[in-house]
Every structure is written in structure tokens, then in C-alpha cells.
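Chain by chain, the residues:
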Amino acid sequence: MVTPFSGGKAELIEQAQEVQGRSLWVDARRRLFRNKAAMASIVLLGAIALMAILAPLLSAYSFDAQDYNVVSCSPDWWPDSTVICNAGGTHWFGTDYLGRDLFVRVLYGARVSLTVGLVATLVSLLIGVAYGAVAGFLGGRIDEFMMRFVDVLYSLPFIFFVIILMVIFHRSLFLLFIAIGAVEWLTMARIVRGQTLSIKQKEFIEAARAAGVGTFSIIRRHVIPNVVGPVIVYVTLTIPSVILAESFLSFLGLGVQEPLTSWGVLISDGANQLETAPWMLVFPAVFMAITLFCFNFIGDGLRDALDPKDR
Amino acid sequence: MLSYAIRRILGAVPTLFIIVTLTFFMMRLAPGGPFDSARRLPPEIEHNIKAAYNLDKPVYQQYLIYLDDLAHFDLGPSFKNKDFSVSQLIATGLPVSAEIGISAMIIAILLGTGLGTLAALKQNKASDYGVMSLAMAGITIPTFVTAPVLTLIFGVYGLNLFGYEITLPVGGWNGGAFHNIILPVTVLALPQIAIISRLVRGSMIEVLHSNYVRTARAKGLPNHLVVWRHALRAALLPLVSYLGPAVAGVLTGSLVVEQIFGLPGIGRYFVQGALNRDYTLVMGVVIAYATLVIVMNLVADLLYAVLDPRVRFD
């Protein structure tokens, strides 16, 4: 609502702020809030994350405590169960083949899987944004060379690189972040470069140049903040693919090491015991599938919310 | 177009060179060597073995020797599988991997295109939502979950269908018998079906709203002809550019599938080779895979030109 200018400076500022109130971001947030699938996903994901953080408080069992009295026993509500844990029914998800409580292990798995997802995505974000912005902004030969390098890396099935990396530098959680992050940045770099190429032509960049701002300051202060939209969308879609990649590595025996666990390790264990103890596969698989679903829905929702074409 | 293809093939050489170099030095950086074992060999014997495989030379010399061999299409001997050259191992594994991989790709393309088109034609109706939820499930549920679950259902319990007990073998190759490849191919194809149907649905919806489709409709063409003759060709373009990544995806999936179903393909060699520091075997498999992906990308680009007359190569 813009009323004709009448009087003081303060009022003018107030009006300007009012207009700013419907910026891209506010608009996007409103659209996101209206997206039921995305909102439900955010709530569900929040709940899983909270459970993962509070894992030690939620269960009386330790994630690595073995109890040989209750090896591979099912939750007491499991249909057609042969070995029920105990009358108390405190093992909500049953136990694994070493008598460890599966509920707490699934939550600890969530900790590792979600952390890997977030940190490795952060690594890929940092590399990808820096690389793409520099390539796009500098342009010319440098751009061509840098993107050619990305093309080369693209033509290798990325998981092979991660496997070689994992084999070379002994398995560790830290390396897992770096290894997955280091191969997931390629698409990010392409997206950022594309955005940068179009932003480069805008007047405000020219203005910054005219004002004598240096190249890297322009990239940092003016280019990167303007590519945030597509990048956020891609980040939410990268996290699930990283979680998948980690579980894939764990499945091949190249992920985190016992007694620490991740969803991939749990699923791998469960797959081996499928016939005798199907709950060992079902619970981690369901948790992981729900998480991946949620991230995908949030990503789709964000894309719809941020896409100006759809307005 | 021929000159474009030749140029692209020549362009693949430096790409392969970079991949070979990267993999070579990454493998050599790894602590431990192929002949380290818990029981130490006598030094003379160890020296002789290393000399036989040129491992006593400095790394850059080993690299040059390897490049020289490679230029003569010699991938060298396997360090761990005695008496076998890497080429022999790949030659025995490749037909297996190729058979399940290609079958999975064909099934994925046919089913994915069909389902995607169906969803696009019934946009925002029940069948659209049904196909898309299935596709979402196909993308989020990883291969290593579907494989054991399907094994359990079809292999262990057996499925009683119309009075016929269907039980499929849960592992082994058995000379590529039809029964043995049903489960691995299904598992491998499922995620690709999901991705392709999403892709085709999106592009099909866009194409169905384009002017020339409206023109075709206005001419009075029946719906199936509009879709079959006019819309499908344009709607398949994104699918063609997805072929390269799809091959990469199938290759990755085959690592898991070959392990779970105990198939003698080259995916297993890769993981074993990397763990055993079988340098030449890992290099050979990486080169084979990279070549495959590069070739697939080239085929995709050329197909693109065939399907889309607007694309010109110069």
C-alpha cells in the first residue's frame, strides 16, 4: 500500500520498509508455508533430528552395550515373532544379533547419517560456490579451463573416487565428509557458474566496478549473495544424495566402523539377518526412507517457492 | 556430424588421460602395497616379486611404464589374481555386468517412458499421483534395501501367484540363465525407472502445452497419434541427455547388486581390488567404466541431434 508522499523522512523510510516487506524471501516463505507436503516434511525431519540429538536420554540402553540374554529378539508387538525380548518390552525396536538395543542404535545411526549429510553437503557447498563463482565471474580462458576440469570429473562414476579415497586414507568419519563433499560439488559449481554469468551483466556489478571494488570483493559481496536461491534448493537435494552415498559406502563395508553405526551399516546388517530378524532391516530402512522423502519434498517445495517463473 | 563425432572421440583421450593419472597416483598414495601380508616374506623374495611387477622403481617410472603399456592396450597383470591379466579378468566379468546392466537400462527406459507419459497425460489425477509416489519411493529406497527385500519375497518365501509357486534363485550366475538374472535386473532397474518416469513426466507436460501440439490437436488428430507422433519425440530429449548419468547410476548400482547376488561381474573386482591394493585391476576397471560413460555421453549427444533437428554440429 503506497500512499502519496506526505511529510517527514521517517515516514518515507517506513513506507520503504513496508514495500520491502514483500521481498522475494517473504514471498517465498509464504508459499513454502502453504505447501503442506513440505511443511509436514519439515516437522517430521525436525522430530527425527531432535530424537537423534536427544538419543542418549530417550533410551535406557547404551548404543554399544551387548546383552547376550536378548540376542536378535523382536519387539514384543512384532507379528509372528518367535523370540520376544522380555516382558517389560523396553526394547521398542527389538535387538540386533549382538543383543544391542535397536531403537537407540537407529537414533545413533541417524546422528551419523544426518551429520555426514549436513557436513559433506557444507563441504560441497563451499567448494562448489567458490569454484563456480570464480569461474563464472572471471570468464574467458580461465572459465573454460575450470569447467573443462569439472566435465572430466563428471565423466567418472563418482562413487569410485570416494571408494578409492576411503581405501587410501583409512576409514574415518572426517574423511567421509571430505571425500563425499569433494565429489558432490560438481553440480553445485555448474549451477553457481550459470547464475553468476547472468548476474555479471547486471547494473549493480557495473556500479560496484565503477566504485572501484576489487574482483574478489565483488564476488564475495555481490555475486554470491545473489545465487543463494538456487543454491539452497540444490543443497536440500544434495543432503539426501549424500546420506545415500554414505549408506552405500557403509553397505560395501567402507563407511563408519563398529561400534559406531549409521543407517547404511544398520541396513547392511539387517539385510544379512533378513530371514531371521527382519526388524533389523525394517526400522533403519524406514527411518532412512522417511528422511530422504522429507528432504526431497522440502527441496521440491523450496524450488516451487523460489522459482519466479511459477509466479 | 561425422567430424563432430571424431572430434569428440579425440577429446575423450585427454579426459581418459587425466582419469588414469588421478587414479594411478591416488592408488600409489595408499598406505600398504599389494604384497604386504601379516607373514613377512623373506627380503630376497619380496625384492624379486617387486622387481617382477616393476614396484621397485620410483613411482614416476612406474607411471611411465604403465602409460606405455596402456598405449599398447595392455592393462598389465593382476597383482592378486595370479596368472590372470587384468584384460582377462575384465573380459570374463564384462559380459556379466553388461548383460544385467543393458537389460536394466532397456527395461528402465521402456517402463520409465511409459509411466512418465501416462502420468503426464493424467496430470493431477489419481494415476499421476500414484505413479509419482511410486517414483519417489523408487528414488528414496536404495538398491541395498530393495535387493534383500525382493530376495526374501521371491527367493526365500516364494510368491504364490494364481496357484503357481514362483521361486527365483537368490544368487549365482548359472551361465546367465533367465531365472538368475530376473532379480538383479529388477533391482538395478527400479531406481532408474523412477528417475526416468519423473523426467519424462516433466518434459511431456511441457511439450503437451506447446503450440505445435495444440496445432496437431486442432487438426483433429486423435490423442494417441498426437502423443506418439508429435509429443513423444520432443519429450524424450531430456531422457537422452540423462543417458550418460544413467549409465553411471547403473554401474554404481551394479557394485551392490553383484555383491548381493554373487554375480561374477567387474563391479566385484573393483571393490576387492581397491581393498587388496591390486593397483592394475582397479586401474583397469576404472578405465573400463570411464570409457563406458564417455562413450555413452557421446552417443547421447549424437542421438540428441538425430531427435532434435534444431541441433547442428559444426
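Residues numbered from 1 in each chain as written. Chains lettered and ligands numbered in written order. Predicted model: local features only at pLDDT ≥ 70, side-chain atom pairs only at ≥ 80, totals over all residues.

Visitor: So what exactly am I meant to see when it comes to the overall build of chain A here?
Guide: Helix and strand counts for chain A come out as 13 helices and zero strands. Reading chain A from its N terminus to its C terminus gives the helix and strand order α-α-α-α-α-α-α-α-α-α-α-α-α. Counting across all 311 residues of chain A, residues that qualify as buried make up 41%. (Helix = DSSP H or I, 4+ residues; strand = E, 2+ residues; numbered from the N terminus. Buried ≥ 20, exposed ≤ 12 C-beta atoms within 10 Å, placed from the backbone.)

Visitor: Is there a simple way to explain the overall build of chain B in this structure?
Guide: Scanning chain B from terminus to terminus reveals 12 helices and two strands. A total of 314 residues make up chain B; the buried ones form 37% of that total. At a minimum sequence separation of 6, the contacts of chain B that also span at least 24 residues come to 72%. (Contact = placed C-beta atoms within 7 Å.)

Visitor: What's the story with the confidence of the model for chain B in this structure? I'm lost.
Guide: The predicted coordinates ought not to be read in detail in places where the model reports low pLDDT. Residues and elements named next belong to chain B. For chain B, the average pLDDT comes to 81, and 89% of its residues sit at 70 or higher. Confidence, expressed as mean pLDDT per element, reaches its minimum in chain B at strand 2 (residues 164-166) with 64 and its maximum at helix 8 (residues 211-218) with 90. Across the whole predicted complex the pTM is 0.76, and at the interface the ipTM reaches 0.71. (pLDDT = per-residue confidence, 0-100.)

Visitor: Please explain the interface of chain B and chain A as it appears in this structure.
Guide: The extent of an interface is frequently quoted as the accessible surface area lost upon association of the parts. Chain B puts 32 residues into the contact, and the matching count from chain A is 26 residues. Those elements giving two or more residues to the side of chain B that touches chain A turn out to be helix 1 (2-29), helix 5 (126-140), helix 6 (143-157), helix 10 (237-260), helix 11 (266-275) and helix 12 (279-307) of chain B. Per-element accounting of the side of chain B that touches chain A gives the leading share, seven residues, to helix 1 of chain B. Here the residues of the side of chain B that touches chain A sort into 27 nonpolar, five polar and no charged. (Nonpolar A, V, L, I, M, F, W, Y, C, P; charged D, E, K, R; others polar.)

Visitor: Please explain helix 9 (residues 223-235) of chain B as it appears in this structure.
Guide: Every α-helical turn comprises 3.6 residues, leaving residues that sit three or four positions apart pointing alike. Residue and element names in this part refer to chain B. Helix length check: helix 9, at 13 residues, gives a terminal C-alpha distance of 15 Å against a target of 18 Å (1.5 Å per residue), a shortfall beyond 12%. Of all bends in helix 9, the biggest is about 30 degrees, found at Arg-229. For helix 9, the set of buried residues is Val-227, Ala-231 and Ala-235. Buried positions along helix 9 lie against helix 4 (86-121), helix 7 (178-208) and helix 8. (Expected span 1.5 Å × (residues − 1). Bend = angle between axes of the 7 residues up to and from the residue.)

Visitor: I'm lost on the nonpolar core in this one. Help?
Guide: A general feature of soluble globular proteins is that nonpolar side chains tend to end up buried together. Residues Val-162, Ile-163 and Ile-267 of chain A together with Val-285 of chain B are the most contacted members of the largest nonpolar core, which totals 158 residues. The biggest single contributor to this core is helix 5 (residues 102-138) of chain A, with 18 residues. Sequence-distant contacts of Val-285 of chain B, defined by excluding residues within four places in its chain, comprise Ile-90, Ile-266, Tyr-269, Phe-270 and Gly-273 of chain B. (Core = buried A, V, L, I, M, F, W, Y, C linked by C-beta atoms within 7 Å.)

Visitor: Please clarify how the environment of Leu-50 of chain A should be interpreted in this entry.
Guide: Residues and elements named next belong to chain A. Following the sequence through the fold, Leu-50 ends up in helix 3 (residues 36-53). The class for Leu-50 is exposed, based on 11 C-beta atoms found within 10 Å. With 228 residues separating them in the primary sequence, Leu-50 and Pro-278 have C-alpha atoms 26 Å apart.

Visitor: Help me understand the environment of Ala-52 of chain A in this model?
Guide: Residue and element names in this part refer to chain A. One can find Ala-52 in helix 3. C-beta crowding within 10 Å serves as the criterion here: with 21 such atoms nearby, Ala-52 is assigned to the buried category. Through-space distance from the C-alpha of Ala-52 to that of Thr-276 is 27 Å; in sequence the pair is 224 residues apart. In this structure, Ala-52 is in contact with Leu-107, Ala-110, Arg-111 and Leu-114, ignoring residues within four places of it in sequence.

Visitor: I'm lost on the environment of Val-129 of chain A in this one. Help?
Guide: All names here are of chain A. Here Val-129 is to be found in helix 5. Overall, Val-129 belongs to the buried group, with 24 C-beta atoms counted inside 10 Å. Distance from Val-129 to Met-188, taken between C-alpha atoms, is 6.6 Å for residues 59 residues apart in sequence. Val-129 has contacts with Met-188, Val-192, Ile-224 and Val-231, leaving out every residue within four places of it along the chain.

Visitor: Sorry if this is basic, but what is going on with the packing of helix 4 of chain B against helix 10 of chain B here?
Guide: When two helices pack together, their arrangement is given by the angle between their axes and by how far apart the axes lie. Residues and elements named next belong to chain B. Taken N-terminus to C-terminus, the directions of helix 4 and helix 10 make an angle of 130 degrees; their axes are 10 Å apart at the nearest point. As summarised for this structure, helix 4 and helix 10 are arranged oblique, according to the angle between their axes. Crossing of helix 4 against helix 10: the hand is right-handed. Of the residues in helix 10, those in contact with Ser-97, Ile-100, Gly-101, Ala-104, Met-105 and Thr-113 of helix 4 are Leu-239, Ala-246, Val-250, Ser-254 and Val-257. Counted by class, the contact of helix 4 with helix 10 contains seven nonpolar, four polar and no charged residues. (Axes fitted to C-alpha atoms, helices over the stretch in contact; angles between N-to-C directions. Parallel < 35°, antiparallel > 145°, perpendicular 65-115°, else oblique. Left-handed = near helix turned anticlockwise from the far one by under 90°.)

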